[in-house]
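# Structure assessment
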Amino acid sequence: MAQIALNWSTNKDFVGTALCGVRNVDEAKENCAAFDWTLTNEEMAIIDAKLKELNIG
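Summary of the structure given here. (Residues numbered from 1 in each chain as written. Predicted model: local features only at pLDDT ≥ 70, side-chain atom pairs only at ≥ 80, totals over all residues. Heavy atoms only, no water.)

## Description of the overall build of the chain
How we decide: Secondary structure elements follow DSSP: runs of H or I no shorter than four residues count as helices, runs of E no shorter than two count as strands, and numbering proceeds from the N terminus. Relative accessibility thresholds used throughout: buried, under 20% of the residue-type maximum; exposed, over 50%; partly exposed, between the two (1.4 Å probe, protein chains only). In what follows, a contact means two residues having at least one pair of non-hydrogen atoms within 4.5 Å. All accessibility values rest on the Shrake-Rupley procedure with a 1.4 Å probe; residue burial counts only the protein chains present in the view. As used throughout, the charge tally considers Lys and Arg to be positive and Asp and Glu to be negative, leaving His and the chain termini uncounted. Charge placement uses NZ in Lys and CZ in Arg. For Asp and Glu, CG and CD serve respectively.
Scanning the chain for helices and strands turns up 3 helices and 0 strands. Helices and strands appear in the chain in the N-to-C order α-α-α. Principal-axis analysis of the C-alpha atoms gives the chain an extent of 35 × 20 × 20 Å. A total of 57 residues make up the chain; the buried ones form 19% of that total. Of the contacts formed within the chain by residues at least 6 apart in sequence, a portion of 71% connects residues at least 24 apart. Working note: accessible area of the chain is about 4600 Å², and carbon and sulfur atoms make up 56% of it. Here the chain contributes 5 positive and 9 negative side-chain charges, whose respective centroids are spaced 5 Å apart.

Dropping the structure here:
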C-alpha cells in the first residue's frame, strides 16, 4: 500500500516531493521500490475516482 501511495502521489503535478519515514532499512528499500514501476493511467483514474467519491481528493 505504501508503494501505491508513493507512486500515485509523485505522479501528480501538484506534488513536488514525497517525504516518508522509515524505521529500518527494509522499510526504506520498500519505499524506494515504489519508483521501480508506474501505475497505469487506468489505475491512476481508479484511485482518483475513489478519492473523489470519499471527498478526499
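## Regarding the side chain of Ser9
Quick note on the threshold: Any pair of N or O atoms that falls within 3.5 Å is considered a polar contact. Within protein, one atom must be able to donate a hydrogen and the other to accept it, and sequence-neighbouring residues count only if both atoms are side-chain atoms.
Looking at the element boundaries, Ser9 is found in helix 1 (residues 2-10). Judged by its relative accessible area of 16%, Ser9 is buried. A distance of 3.2 Å separates a polar side-chain atom of Ser9 from the backbone oxygen of Leu6.

Function cannot be inferred from these measures alone, as they are strictly geometric.
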